[in-house]
Amino acid sequence: MHKLMAELYPICRSITGDGLRETLGRLQAYVPLAMHEVPTGTKVLDWTVPNEWNIRDAYVKDSRGERVVDFRRSNLHVLNYSAPVERTVSRQELLSHCFSLPEHPDWIPYRTSYYREAWGFCVTHRQLETLTADEYEVRIDSTLAPGNLTYAELVLPGETSEEILVSAHACHPSLANDNLSGVAVAAFLARHLRQQPRRRYGYRFLFIPGTIGSITWLARNEAVVPRVKHGLVLAGVGDPGPVHYKRSRRGDAEIDRAAAHVLRHAGRPHELLDFTPYGHDERQYCSPGYNLAVGCLSRTPDAQYPEYHSSADNLDFVRPEALADSYATCLAVFDLLEGNEAYVNQSPKGEPQLGRRGLYGAVG
Amino acid sequence: MHKLMAELYPICRSITGDGLRETLGRLQAYVPLAMHEVPTGTKVLDWTVPNEWNIRDAYVKDSRGERVVDFRRSNLHVLNYSAPVERTVSRQELLSHCFSLPEHPDWIPYRTSYYREAWGFCVTHRQLETLTADEYEVRIDSTLAPGNLTYAELVLPGETSEEILVSAHACHPSLANDNLSGVAVAAFLARHLRQQPRRRYGYRFLFIPGTIGSITWLARNEAVVPRVKHGLVLAGVGDPGPVHYKRSRRGDAEIDRAAAHVLRHAGRPHELLDFTPYGHDERQYCSPGYNLAVGCLSRTPDAQYPEYHSSADNLDFVRPEALADSYATCLAVFDLLEGNEAYVNQSPKGEPQLGRRGLYGAVG
Amino acid sequence: MHKLMAELYPICRSITGDGLRETLGRLQAYVPLAMHEVPTGTKVLDWTVPNEWNIRDAYVKDSRGERVVDFRRSNLHVLNYSAPVERTVSRQELLSHCFSLPEHPDWIPYRTSYYREAWGFCVTHRQLETLTADEYEVRIDSTLAPGNLTYAELVLPGETSEEILVSAHACHPSLANDNLSGVAVAAFLARHLRQQPRRRYGYRFLFIPGTIGSITWLARNEAVVPRVKHGLVLAGVGDPGPVHYKRSRRGDAEIDRAAAHVLRHAGRPHELLDFTPYGHDERQYCSPGYNLAVGCLSRTPDAQYPEYHSSADNLDFVRPEALADSYATCLAVFDLLEGNEAYVNQSPKGEPQLGRRGLYGAVG
């Protein structure tokens, strides 16, 4: 799983565009995903699929022509979804378009502006402090134009029409734990489950851009939604922290009890959290109009570790053993759900005669 | 409110008759009441509307022709609903028809005999002790004859067909707290609510004789009863004691929770009492066959103050500030009920897109 | 009751046969029982009525022709339901067919082999130790042949079609507490209830062989089963231990609450036990397909006293005062159930007018 993450890490992803498309394409080496393309402008629930974003290059050049901020060094340097720009700006104007983290002067923050057109650069605070010249040349060679939103889906049929949904957001650029970890664990779970000779439940894996992706899937799958009996969002499952399971809005759904049971018996530190309307795509799956039994499995919850949404969330931050533990936890939950059946007494009137079946001592 | 009470105080009311009719007529200066007349003999639930009672004069005269007990001094002196009598009686016979309060020798008790024909006088205990002559002339110039039971009703329509019932008994003669206080507070509430530009609920005010009045109204309004969503009986709301709210039989009806909430947050002493089948007209509204959500608002509960049902329950016993506090408490309960609504999510599927409504930061 | 037990004690009973038939016949001196005969081979739920067993004699003779084990001394000496046998056997073979209680060397155990053909003897451990010769002559003069399963039933009609079931197993040979005690208490309860002028409930008494008897009754009475509102199995109700009430599977059935109430207020030691699928015929009545509200009344629970299923469970072990207490407890439970009714208000709208029924003071 860590090797898959390393392969995907350099790609500049966003909620649409070729970076996301390429990422999903590479997952097909592991599992046979169906690719979906949803045109810009499509109404999805309360939202609209935005223009597709693509980027080739971006930089800030000083008067000597030197790239003092360079997209080629890290795709985090550009405000994700930046509109194109190419001109000379004053230091003051430049600074009003720059984001840094003063408390972590060597880290690049990750910032986005999906739904309002803007341009900007994300820089280390040390970089910011060197921007002392009067003028800079800025260029973002991006396009925001009608295109498609891309997501990938894998359905593994089960013996019943009921399904377990596994969802991972795949829209972040060079960030490792958030959420190449979830993408990698989901891909390996899919590969494993696909090889099982018997599945009581069907499994549906979604690799989607966050928020707009789950909203798009929900809008296009009204007939499928009632089949989703249980679900897990996988997000931030590679850091060294203990597992956190966030319950569905229902709070006492079978998935909630299954996850609690597995974690309680695993003998490792863990936390159970109640649902809140903040977090990842469980926000959409659990929204009141659907109220699906979908929980979220993480390690350290989002925004509770300093590396979150910065260049410090890199491949070193993610541990193979944490990925393995998250993977095993998911499988244990699925095993429990698969076996959580009730046997129906076929002879409920009076006792079955055990003796004639060799199940009772002959001499009483 | 106290001024209205003072105007009504001298009138000799009973459960039927011209005193009740005149009282209700005078309320029409405040609110446009509909007057109802229900003929003697009408079957109402398990009861029958009795003969109408009217009285012109009553006295006990001694041998010198002096009125030693005189209806003209206080209408409490006559046993309410007394049959007519005019003859000379021995001291012994007279005493067997007299009621007094030895423990409060200067107070006249209030006694009634609605449903069995009798005659009698209510006197102070000091008066009783002066009745030492051998014979007295007694006269009660009353009539008990077929007529009508009178009650008054005001309906203020609301935006919904559901109603809040406000009921006050108006049958007691010269007693102030019980229940000219309830009559006055109800009349002023009606006047206020009538002027409101918007009422979610309809309001139905009843000014009725106790017990037989609410029974008569219930018997004649089977189609209205299901509309009564909440209700308050107002009784004894002018004495200086703390507010007591007696719950409906349901105990957890919205009116019960609303009254508890208002009193708990009012910061003044108060008591919450469970329903009992003793008290005022809530006995009828809450009887098992109706079980309406009708509570009773009082200050000191009936029969728990010594002045209760005696001439000491007079205009001095009732305080304007207590009336005002009872009035404000009722309005606060009505305000709470009016606003106690649940908002329905019009976009329950997925999150509403806050950004395009200016409710979300542009840069994530 | 103890006298009745003494009369029945010597008879060699089993789950079928003349001993059971004679026992039930003698009960008819107390109550008019209907006798039922169900042929061998009849399918009853998951079971089949077995061959009828009858026995005339059984012994082990030594080489001198002396009966060293003799059925005529105690019918417990023969393995109940033994197949016939008549031959000379080695000591080793004989011992493999003998049962004893080493920890109680003077007691004869009670053993059965109803559903697999076998022969055997039950002996005191002291007897066993004297079997030192090389050969013995064994004879069991029994028959296992098509016949009938016998049970007896008494139905006392009540004012309603609902019934209280009382069931006692009557299949054990010379054992007193288990369950001639239950048979005797049930017979006396039936005699008493039959004389009552009014019974709200019908009462149905069953005197049956254990397990196969209740299964047979259930299989033949599908139309009656829904009428069984409450029930008690009586088993082991004569030993000196405190009363134990074992709840029905429902756990909160009216019979469970009634028994708990009676015992709690009796002021004597007692125990309330939850249902388990071990015990007496409540196993069948409470099986999931019926789930009847049938509890079990015992004193010391079965298998929890050393005399259980041995010759020490004799007439001395059973105390008349324990029988009387069990009998009184049952009657108290039945009395409670008979009186556990709710009165329905025939005038639920408004208050009934008490005055015209003489139930209210004329002067208010």
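Our subject is the structure that appears above.
Anyway, here's the lowdown on the structure attached to this text. Sequence order as written defines residue numbering, which begins from 1 separately in each chain. To read the labels, note that chains go from A and ligands from 1, taken in the order they are written. Only residues with pLDDT of 70 or above have their local features reported here, since the model is predicted, and side-chain atom pairs are shown and tallied only from 80 upward, although totals for entire chains, interfaces and linings are computed over all residues. To get the side-chain values, take all heavy atoms of the structure and skip hydrogens and water.

Helix and strand assignments come from DSSP, with helices taken as H or I runs of at least 4 residues and strands as E runs of at least 2, each series counted from the N terminus. A tally of helices and strands in chain A yields nine helices and 16 strands. With the C-alpha coordinates of chain A rotated into their principal frame, the extents come out at 105 × 40 × 35 Å. Burial classification: accessible surface area is computed with a 1.4 Å probe over protein chains only, and a residue below 20% of its type maximum counts as buried, one above 50% as exposed, and the rest as partly exposed. Within chain A, buried positions represent 56% of all 364 residues. The contact rule is simple, with two residues in contact once any of their heavy atoms fall within 4.5 Å. The long-range share in chain A, meaning contacts at least 24 apart out of those at least 6 apart in sequence, stands at 80%. Under the convention used here, a 1.4 Å probe and the Shrake-Rupley method define accessible areas, while residue burial counts only the protein chains that appear. Within the structure as shown, chain A displays about 15300 Å² of accessible surface, and the carbon and sulfur contribution to it stands at 49%. We count Lys and Arg on the positive side and Asp and Glu on the negative side, and we leave His and both chain ends out. Charge placement uses NZ in Lys and CZ in Arg. For Asp and Glu, CG and CD serve respectively. Taken as two groups, the 39 positive and 44 negative side-chain charges of chain A have centres that lie 6 Å from each other.

Alignment of copies: least-squares fit on C-alpha atoms of residues with pLDDT of at least 70 in both copies. Expressed as a screw transformation, the operator carrying chain B onto chain C has a rotation angle of 120° and an axial translation of 1.0 Å, and the superposed copies differ by an RMSD of 0.4 Å. Taken together, the rotation and translation describe the operation of a three-fold axis. Taking C-alpha positions as the reference, the residue of chain B nearest the rotation axis is D252(B), at 15 Å.

A few words now on the pairing of strand β13 (residues 228-234) of chain A. All names here are of chain A. For β13, a buried count of six out of seven residues is recorded, marking the element as mostly surrounded by other parts of the structure. Where β13 and strand β16 (residues 294-298) come together, four bridges link them in parallel fashion. Among the inter-strand pairings, L234 is bridged to a residue of β16, identified as L297. Here a strand pair is declared whenever DSSP counts at least two bridges between the two strands.

So, on to helix α2 (residues 18-27) of chain A. Of the residues making up α2(A), those classed as buried are G19(A), L20(A), T23(A), L24(A) and L27(A). Summarising the axial view, the buried residues of α2(A) lie within an arc of 130°, below the 170-degree limit, and thus occupy one face. The arc in question is the one traced by the directions running from the helix axis out to the C-beta atoms.

We now examine unusual backbone geometry. Cis geometry marks the peptide bond from D178(A) to N179(A); its omega dihedral reads 15°. By the element assignment, N179(A) lies in helix α5 (residues 176-194). Even without glycine at this site, Y81(A) takes up a positive phi of about 75°. Residue placement: Y81(A) occurs in the loop between β5 (67-70) and β6 (85-90). Y81(A) gets classed as buried once you look at its relative accessible area, which sits at 1%. Positioned with a positive phi, L45(B) is a non-glycine residue whose angle comes to about 50°.

Let us now look at the packing of helix α7 (residues 254-266) of chain B against helix α9 (residues 320-339) of chain B. Residue and element names in this part refer to chain B. At a closest axis distance of 9 Å, the pairing of α7 and α9 adopts a crossing angle of 125°. On the basis of their axis angle, the class for α7 and α9 is oblique. For the element pair α7 and α9, the recorded crossing hand is right-handed. Within the contact between the two elements, α7 uses E254, I255, A258, A259, H261, V262 and L263 and α9 uses T329, A332, V333, L336 and L337. Partitioning the contact of α7 with α9 into residue classes produces nine nonpolar, two polar and one charged. Note on method: axes are straight lines fitted to C-alpha atoms, helices fitted across the in-contact stretch only, with angles between N-to-C directions ranging 0 to 180 degrees. Angles below 35 degrees are treated as roughly parallel, those above 145 as roughly antiparallel, those between 65 and 115 as roughly perpendicular, and all remaining angles as oblique. Note on convention: near helix rotated counterclockwise from far helix by under a right angle means a left-handed crossing. Clockwise means right-handed. Classification convention: Asp, Glu, Lys, Arg as charged; Ala, Val, Leu, Ile, Met, Phe, Trp, Tyr, Cys, Pro as nonpolar; all other residues, Gly among them, as polar.

Taken together, the 21 residues of chain B in the interface contact 13 residues of chain C. Of the roughly 1400 Å² buried where chain B meets chain C, counting both sides, 46% is carbon and sulfur surface. By definition, a salt bridge exists where a carboxyl oxygen of Asp or Glu is found within 4 Å of a side-chain nitrogen of Lys or Arg. The salt bridge partner of R356(C) is D46(B), with a shortest N-O separation of 2.7 Å. Whenever a nitrogen or oxygen atom comes within 3.5 Å of another N or O atom, the pair is scored as a polar contact, on the condition that within protein one atom can donate a hydrogen and the other can accept it, and that pairs from neighbouring residues in sequence are kept only if both atoms are in side chains. Across the chain B-chain C interface, the total number found is eleven residue pairs in polar contact (both at pLDDT 80 or more). Sorting the residues of the side of chain B that touches chain C by element identifies β3 (47-48) and α8 (282-285) of chain B as the ones contributing at least two each. Summed over both partners, the accessible area lost on bringing two parts together, with a 1.4 Å probe, is the buried area.

Counting across every chain of the model gives 84 salt bridges over all chains. The salt bridge involving R204(C) is made with E153(C); its shortest N-O contact spans 2.7 Å. Remark: E153(C) occurs in strand β10 (residues 148-156) and R204(C) occurs in strand β12 (residues 202-208); sequence separation between them is 51 residues. A residue is classified by how much of its surface remains accessible, and R204(C), at 5% relative accessible area, is buried. Of the charged contacts, one joins R204(C) and E163(C) as a salt bridge, the two residues approaching to 2.6 Å between their closest N and O atoms. With R204(C) in strand β12 and E163(C) in strand β11 (residues 163-169), this pair connects stretches of sequence that are 41 residues apart. One salt-bridge network, in which partners are shared between bridges, spans D18(A), R21(A), E37(A) and E52(A).

The next thing to look at is the sheet that holds β16(A). Residues and elements named next belong to chain A. The strand order across the open sheet formed by eight strands is β1-β10-β12-β11-β13-β16-β14-β15, and the pairing between neighbours is mixed. This sheet does not close on itself; its edge strands, each paired only once, are β1 (34-39) and β15 (270-273). Taken over all neighbouring pairs, the strand axes of this sheet differ in orientation by 20° on average, direction set aside. With six bridges connecting them, β1 and strand β10 (residues 148-156) associate as antiparallel partners.

Looking now at the sheet that holds β10(C). Residues and elements named next belong to chain C. One open sheet accounts for eight strands, arranged β1-β10-β12-β11-β13-β16-β14-β15; its pairing is mixed. The sheet is open, and its two edges are formed by β1 (34-39) and β15 (270-273), each paired on a single side. Pairwise comparison of adjacent strand axes, ignoring direction, gives a mean angle of 20° for this sheet. Where strand β14 (residues 243-246) meets β15, four bridges bridge the pair, whose relative direction is parallel. Among the inter-strand pairings, V243 is bridged to a residue of β15, identified as H270. Its contacts with the sheet place helix α2 (residues 18-27) against β1, β10 and β12, and it is angled at close to 20° to β10. Where helix α6 (residues 212-220) meets the sheet, its contacts fall on β1, β10, β12 and β13 (228-234), and the angle it forms with β10 comes to roughly 65°.

Turning to the interface of chain A and chain B, a few remarks are in order. Accessible area lost upon the coming together of the parts serves often as the stated size of an interface. Opposite the 21 residues of chain A that make contact, chain B presents 13 residues. Measuring nitrogen to oxygen at the nearest pair gives 2.5 Å for the salt bridge that ties E351(B) to R283(A). Across the chain A-chain B interface, the total number found is eleven residue pairs in polar contact (both at pLDDT 80 or more). Put simply, the parts of the chain that give the side of chain A that touches chain B at least two residues each are β3 (47-48) and α8 (282-285) of chain A. When the residues that make up the side of chain A that touches chain B are grouped by side-chain class, the tally is ten nonpolar, six polar and five charged.

As a further point, take the packing of aromatic side chains. Pairing of aromatic rings covers Phe, Tyr and Trp, the last counted by its six-membered ring, and requires centre-to-centre distances within 6.5 Å; plane angles under 30 degrees mean stacked, over 60 mean edge-to-face, and any other angle means tilted. In the structure shown here, the tally under the stated rule is 27 aromatic pairs over all chains. Ring centres 5.7 Å apart and planes at 85° place the aromatic pair Y305(C) and Y308(C) in the edge-to-face group. One exposure class covers both Y305(C) and Y308(C), and it is buried. Should the NZ of a Lys or the CZ of an Arg lie within 6 Å of a ring centre and within 35 degrees of the ring normal, that charge is described as sitting over the ring. In this arrangement the basic side chain of K246(A) is found over the ring face of F275(A), its NZ or CZ atom lying 5.0 Å from the centre.

Bringing the environment of R21(B) into the picture now. Residue and element names in this part refer to chain B. Mapping R21 onto the fold places it in helix α2 (residues 18-27). Placed 181 residues apart in sequence, R21 and G202 show a C-alpha to C-alpha distance of 26 Å. In this structure R21 touches M35, E37, E52, N148 and T150, once residues within four positions along its chain are discounted.

Let us look at helix α9 (residues 320-339) of chain C. Residue count minus one, scaled by 1.5 Å, sets the expected span of a helix. Spanning 20 residues, α9(C) covers 29 Å between terminal C-alpha atoms, matching the ideal 28 Å at 1.5 Å per step. Those residues of α9(C) not exposed but buried are A322(C), L323(C), D325(C), S326(C), Y327(C), T329(C), C330(C), L331(C), V333(C), F334(C), L337(C) and E338(C).

All names here are of chain A. Among the secondary structure elements, V228 is positioned in strand β13. Spatially, the C-alpha atoms of V228 and A293 are 7.9 Å apart, while their sequence positions differ by 65 residues. Excluding anything up to four places from it in sequence, V228 contacts E163, L165, W217 and L292.

Residues and elements named next belong to chain C. In this structure, D239 sits in the loop between β13 and β14. Of the buried charged residues, D239 lacks a salt bridge, with R299 as the closest side chain of opposite charge at 5.2 Å. At 2.7 Å, the side chain of D239 forms a polar contact with the side chain of T300. Ignoring anything within four residues of it in the chain, the contact list for D239 reads N177, R299, T300, F317 and A322.

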